[in-house]
Structure formats: structure tokens, C-alpha cells
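# Summary of structural features
Residues per chain are reported as follows:
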Amino acid sequence: MNSKTKDCLSKTYRDWLWVILVLAAFLGGYSTYFILEHHSSSPEPATQSVQHHEKPKIELQTASQRRIDVPLLTPWLAPIVWDGTFDEDILNEQFQGRNITIGVTIFAIKKYVIFLKLFLETAEKHFMVGYKVNYYVFTDRPNDVPKIPLQEGRKIITLVVQNYSRWQDISMHRMEMISNYCHQLFFKDVDYLVCLDVDMKFNDHVGVEMLSDLVGTLHPGFYGASRETFTYERRPKSQAYIPRGKGDYYYMGGFFGGKVQQVYKLTKACHEAMLIDKSNRIEAVWHDESHLNKYLFLHKPTKVLPPEYMWDKQLLGWPAFLRKMRMLAVPKNHAKIRNK
Amino acid sequence: MRWRSMLLAAITLTLLSIFLVICSMKLPATEEKKFRPFPQLLYPQPKLLEQQRKDVLTLTPWLAPIVSEGTFNSELLNNAYRPLNLTIGVTAFAVGKYTRFVRRFLESAEEFFMQGFQVNYYIFTDDPEAIPHVPLRPGRNLSVIPIQGFSHWEEISMRRMESINKFIASRGHREVDYLYCLDIDMVFWNPWGAETLGDLVAAIHPGYFTVPRWQFPYERRPLSTAFVADGEGDFYYGGAVFGGRVERVYEFTGGCHMAILADKANGIMAAWQEESHLNRRFISHKPSKVLSPEYLWDDRKPQPPSLKLIRFSTLDKDSMNLKN
């Protein structure tokens, strides 16, 4: 190949390179624009002669950056509360005027009292900051409840309850205890109830964006999994039975909540279902969590919390869709802690 | 002899039908104490790794869903709400010449609006004789509510808030659970169902959903109670569709009415009458659910690709001819 041809060729290559680069830049810009903005072929307002000089787009000045990588709504139009989809200021403005009190139920039975300190300290930093909060600590060891400095408007109420020898029984009886205390305490004292596992810590903001009539949280271990793999109770004999081919999500037993009236209905229904199962000599595969899943399948939650609200970093790492880890599992030795 | 064979046949038929009924029934096991009915509905698993509609906004920053085709499963929603035995109310004002729209409104509503629910239509009119008799499905009723007519259409429009508010106080709160306040000069073209139910519901005005908010036709004179400053506002909502739980609609219309009265006392009328006041109020009392322009369309506008379905839209008419 002589030098003249070589020059011609390299020139052609360069031209083509420029064309490709320009095209790529154009496509990149256009596709971003197309995905983020809303087009209309004819944007004139119905009655006014306002001039439009720019390409029209949907614009919500108050919006935080949008998420397109995850679903924002369930098929029954309950929001899935992902980071980036809500504006904290707007929500706080809506809730501050209502003078609400949020109740938190946690069960620290037997050795689980050791989790209280970290839970409460991190809750003070991240949970419903600026709002009135009542921590209801259900325990059989009231003297082991730590004294934690609390923000104004927040208090710890210790409720002494019996323990059970099996950890499964402790877990399941939470439903009964919560529903019992609704009449005694919760209806009067709080507007919303959040029922949490105690072996967790708050790691990031958890606020009023999560409040709604009935709230369930997506179990981090089943996010994105096919519903055939969900560990629903599959034996028809149990009240928690959900057949194959049915079900929306797999919800976490350790994080649910809502208005007191709704939580009362849920906990009462689950407790009664567990009593029926007991009389039929069957125990659901994941205990109260199985019954919770059955209840939330039949009574769809009005808000669903994504796995940001309940994550296990050790087991599950840090995938791309997870922008925040709001609550994390505290590593523990299961054998040592349970049944002690 | 004939009697005997007839009797035999009757007994056999009875036994056969009992047998069939028993076979189709689920015999409870002797130990089971309670049987909860299980929903028969089958639907695909909700996807968690992708969004249904990427081309439109589906959630407001205060977590109110924006309802459009593809974001919801209507069967699921109807199944969830129908057993609750709700009564849905609709108010519509047919004053003066607007009575001519009642027939088409009602006929199309009978086909598409809240199928399977108990519905009460309340037509407010100054000419009850002019309201046509439209056959309604079972469980659906029509009430004609006489009101005073006014010479100026603006006055008629603005008085709606007061009329609805008074109506709820006297009758509405007893008769309905949810109430929608709709314009009468509109037609239903596609299903409008339980996906629209919510505590307080607004609809995006079809003329402004692609427009930046500084161009929204808010009332811009500070003297008016409907005044919206620059930098304020979320969407421009249409006055032709709003609703929600009857208690919330009562509060909302009451608030708008008071604001309209205050303006009257100051000798000012908002740019778009009660629509301006509605928009002002929806900024401070944000809707819990927002309906996309599918639920409030203007047939004069070309349909953009993002609009998959038109459910409720204006009737093409010469509006100037009709007003006054």
C-alpha cells in the first residue's frame, strides 16, 4: 500500500470516527432526554395563547431525581417507597401539622435484651426524628432494659410479658401481645404502630414517608425472586396457606405497621389463625411471618417498603438498586441467642 | 299413574341437584374451625426488576400515585373494592343549555363508570323538567337537585363548590362513601374504575401536563385568595374532575367556597374561577391520588403517544355559544 493510499485511508477512518462519536453523543443525549422527559406533539394549552419556544417537558420542580430502574407502584397502586421518589420536606410539611405519635413495638425476650441498646440509640438518630415516639419494649427482663438518653417527645415504655421456651413461640406470640395491648394502650396513645425485630440497627433515615394505613416490607432475601420460590406456607391444612401461582411479594415478618386500627386487625387475625393452626396441630413453616404474608395477600398494604428498610449486608452485599440501607441486621450467633 | 311418574321425576331432579350442590361444595374437615374465602383471581406476579411505565410520571414527590394505563391491575382493584359495598356518588351541574349534555353523560357513565358498584348520580339543575329519563342499571340511581340558575356562566361555575358542600352536609354524607365532582359536558369512552378511589383525588388538566409551572394559568394577582407565587405548585389540575372520600370532599369544597367568598368581598374574581381556587387548595392540601389526563381529556387536542387511553373527555362543541 503506497503512502498516498495510506493517507487517504487514515483520513477516511478519522472522518468515520468523528461521525460515530457525534452520533453516539447525539444518541446518548437524546435517549436520556427521552427517558426522563414527557413529550407531547402539540403542547398548546386549551384556552390560552401562551407561546412555547422550547421543547415541552414534564417538570415537577419539587421532585427529587426520579428512579426508572425500579417499580414505583404495586398493581393496586400502593407506592413502593424507594429513595429518590419522595421529597422529605413536602412529607414533613404534611405530617407535622397533625401532631402524631408513632409507637414502635420491639420484643426483647431472654437474651435478646442485649440488642436493645444499639437499636434504641440508632433509632434516636434516624427514626422519625422530630416526631413523638413511644418505644414499647416487651420483655421478661425489665431490669435489663438500658437507660438511653432520648430526644424530646420520645419515651420508652417497658411492658413485662411472659417468655416461652421455644424461640418460635416467642416470635409467634408477638402477634397476640401486640393485639392485646392495642386496647389497653395503643388506641389511646399512638396514631401509628411500627412493629420491628429488635436484632436490628438503624443506619439511615426512616421517616414519615413510610407511614400509611397498612405497611409491609419486602423481604430482602426474596427481592426479584419468582413467586414460586417464595417460602409461603404451602400446606393447605394451615391457615397461612398460599397456593402456587398466587401471591404478590414475600413480606418480612420483622417490619410491618400502619394505623393502629389496621395493625390491630392484622395482629388479631394472625393470632387467631395461629390458634387455629395449633388446634389442627400444624405450625406454619415461617411462623408469624407465614401468617403475615397470608394476611397481606388478602388485605393488600397501602404502602410497601423496599429492602432499603430491612437489609442484611453480610448476607446480601450491596446491589445497584439499593441506594440506602436504612435498617440493617445485627450479626448474631443464632445457636447462642435463641432458646436462652 | 301420570302423577306418580311426575312425582318421581321431581324427586329425582331434587336429589340430583342436591347431589350436585354437595359435590361442588368444599366439605370442611371436622377439625377446621374457620374457613376464610380465598380469592379466585389469578394474575401474574408483580415485577420488581422493572417499571411498568417509564415514559410517564407515575408517583408524585409526596407519594401519591399518578394513575395511568399500565400502572394498575383493574381486576385486582375491583375485586378488592367491590366486596366493601361502597356507594359512589357523582355530582354534575346541568344549568341552562347544559341540560342537553345529560343524556350522553349518563349513558356513557352507565357503560364505563364504576361498573359493578352502587352509583348515585346527582344532577344539579335549574330546569329539572329538562333532565331526560335515562335507563340505569340495577344498583344505580339518579337524583335531580334543583338549584338557582345565574345569568353569568362564571357565577354558575363558582357556585358549584358551595352547592356540593351544602349537598354533602344535608344528604351526601349519608348516601355515599366516595364522591366525584364532574363536568357534565363530557363523555366516558373507556373504563373508569376503582383505581380512581382515594382519600382526595385530583386530575391533571390536559392542556398543561407538558408545560413548565411558570406557565400554569394560576391566579397571579396577590389580592386574590387563589394567588400562587412563582416557584409554587406541583401540577395544574382540572376543575372538571375532582373527588375522594365524602368527608374530604366536604372539607375541600368548603375551603374553596370560603376562599371564593373572600375574593367576592374584595371585588376580585380568579382567572379561571373555581379552578383557580381548586389549584390553590391542592397545593396546601395535596391530593392522595392524581389522575393522568386519560381521566380528563380535551378531544380538540391531538392524542400524544404517552396517552394510551382516553377515558373521559370533552364533547366537541362551540363553547361560546353555550355559555350565556
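Residues numbered from 1 in each chain as written. Chains lettered and ligands numbered in written order. Predicted model: local features only at pLDDT ≥ 70, side-chain atom pairs only at ≥ 80, totals over all residues. Heavy atoms only, no water.

For chain B, an unreviewed UniProt entry supplies the name Globoside alpha-1,3-N-acetylgalactosaminyltransferase 1 (FORS blood group) and the organism Monodelphis domestica.

In its Subcellular location (unreviewed entry) section, the UniProt entry covering chain A states "Membrane". In UniProt, chain A has this text filed under Sequence similarities (unreviewed entry): "Belongs to the glycosyltransferase 6 family." (UniProt positions renumbered as here; feature names shortened; annotations may be inferred.)

For chain B, the helix and strand inventory stands at 7 helices and 10 strands. Within the span of chain B, comprising 324 residues, buried residues form 54% of the whole. Accessible area of chain B: about 15400 Å², with a carbon and sulfur share of 58%. (Helix = DSSP H or I, 4+ residues; strand = E, 2+ residues; numbered from the N terminus. Buried < 20%, exposed > 50% of the residue type's maximum accessible area, 1.4 Å probe, protein only. Areas by Shrake-Rupley, 256 points an atom, 1.4 Å probe, with all protein chains shown as cover.)

Bringing the UniProt feature "active site" (unreviewed entry) in chain A into the picture now. Residues and elements named next belong to chain A. In this structure's numbering, the residues bearing the UniProt feature "active site" (unreviewed entry) are Glu 289. Within the secondary structure, Glu 289 sits in helix 6 (residues 288-298). Its relative accessible area of 12% is what places Glu 289 among the buried residues.

Taken as a whole, this structure holds 0 disulfides over all chains when the rule is applied. Its sulfur unpaired, Cys195(A) is 7.8 Å from the next cysteine sulfur, which belongs to Cys182(A). The class for Cys195(A) is buried, based on a relative accessible area of 3%. The thiol of Cys181(B) is unpaired, and the distance to the nearest cysteine sulfur, on Cys256(B), comes to 10 Å. (Disulfide = S-S within 2.5 Å.)

Quick look at the UniProt feature "binding site: UDP-N-acetyl-alpha-D-galactosamine" (unreviewed entry) in chain B now. Residues and elements named next belong to chain B. The positions that UniProt labels "binding site: UDP-N-acetyl-alpha-D-galactosamine" (unreviewed entry) are, in the present scheme, Phe 93, Ala 94, Val 95, Tyr 98, Asp 183, Ile 184 and Asp 185. These annotated residues cover 93 residues of sequence, but their C-alpha atoms sit close together, with the largest distance between any two at 11.1 Å. The residue Phe 93 is located in strand 2 (residues 87-94) in this model. Exposure remark for Phe 93: the relative accessible area of 7% places this residue in the buried category. What Phe 93 contacts, discounting residues up to four positions off in sequence, is Phe 124, Ile 147, Arg 160, Ser 163, Ile 164, Leu 182 and Ile 184. (Contact = heavy atoms within 4.5 Å.)

So, on to the pairing of strand 2 (residues 132-139) of chain A. All names here are of chain A. Within strand 2, 7 of the 8 residues are buried, which leaves it mostly tucked inside the rest of the structure. Of the pairings in the sheet, the one linking strand 1 (residues 101-108) to strand 2 comprises 8 bridges and is parallel in character. Bridging from a neighbouring strand, Gly 103 pairs with Asn 134 of strand 2. Crossover handedness for the path strand 1 to helix 3 (residues 116-126) to strand 2: right-handed. Pairing of strand 2 with strand 3 (residues 154-160) involves 7 bridges; the strand directions are parallel. Each bridged residue has a counterpart across the sheet, and for Val 133 the counterpart in strand 3 is Arg 154. (Pairing = 2+ DSSP bridges. Right-handed = clockwise from strand over helix to strand, strands pointing away.)

What follows deals with the sheet that holds strand 3 of chain A. Residue and element names in this part refer to chain A. Strand order in this open sheet of 7 strands is 3-2-1-4-7-6-8, and the pairing throughout is mixed. The two strands at the open ends of the sheet, each matched to only one other strand, are strand 3 and strand 8 (303-305). Geometrically, the sheet is characterised by an average inter-axis angle of 20° between neighbouring strands, direction not taken into account. This element, helix 5 (residues 260-279), spans strand 4 (192-196), strand 6 (214-218) and strand 7 (251-259) of the sheet and lies at about 140° to strand 7. (Axes fitted to C-alpha atoms, helices over the stretch in contact; angles between N-to-C directions.)

Residue and element names in this part refer to chain B. A sheet is described by the order of its strands in space; here 8 strands give the open sequence 1-9-7-8-5-2-3-4, paired in mixed fashion. The outermost strands of the open sheet, each flanked by one partner alone, are strand 1 (66-67) and strand 4 (140-146). Pairing analysis gives 7 bridges linking strand 3 (residues 118-125) to strand 4, with the strands arranged parallel. Across the sheet, residue Ile 123 finds its bridge partner in strand 4, namely Val 144. Where helix 6 (residues 274-284) meets the sheet, its contacts fall on strand 7 (200-204) and strand 8 (237-245), and the angle it forms with strand 8 comes to roughly 55°.

This part takes up the pattern of salt bridges. Residues and elements named next belong to chain B. Under the counting rule described, the total for this entry stands at 33 salt bridges over all chains. Of the charged contacts, one joins Arg 160 and Asp 183 as a salt bridge, the two residues approaching to 2.6 Å between their closest N and O atoms. Linking Arg 160 in helix 4 (residues 153-175) with Asp 183 in the loop between strand 5 (178-182) and strand 6 (186-188), this pair joins segments that are 23 residues apart in sequence. The exposure classification of Arg 160 matches that of Asp 183, with both residues buried. Between Arg 171 and Glu 175 there is a salt bridge; the shortest N-O distance is 3.0 Å. Of the two residues, Arg 171 and Glu 175 both sit in helix 4, 4 residues apart, roughly one turn of that helix. Connected via shared salt-bridge partners are Glu 155, Arg 159, Glu 162, Lys 166 and Lys 264. (Salt bridge = Lys/Arg side-chain N within 4 Å of Asp/Glu carboxyl O.)

Residue and element names in this part refer to chain A. Running from amino to carboxyl end, helix 5 crosses helix 6 at an angle of 125°, the nearest separation of the two axes being 9 Å. Relative to helix 6, the element helix 5 lies oblique. In terms of crossing hand, the pair formed by helix 5 and helix 6 is right-handed. Residues Gln 262, Lys 265, Leu 266, Ala 269, Cys 270, Ala 273, Met 274 and Asp 277 of helix 5 pack against Asp 288, His 291, Leu 292, Tyr 295 and Leu 296 of helix 6. Classifying every residue of the contact of helix 5 with helix 6 by side-chain character gives 8 nonpolar, 2 polar and 3 charged. (Parallel < 35°, antiparallel > 145°, perpendicular 65-115°, else oblique. Left-handed = near helix turned anticlockwise from the far one by under 90°. Nonpolar A, V, L, I, M, F, W, Y, C, P; charged D, E, K, R; others polar.)

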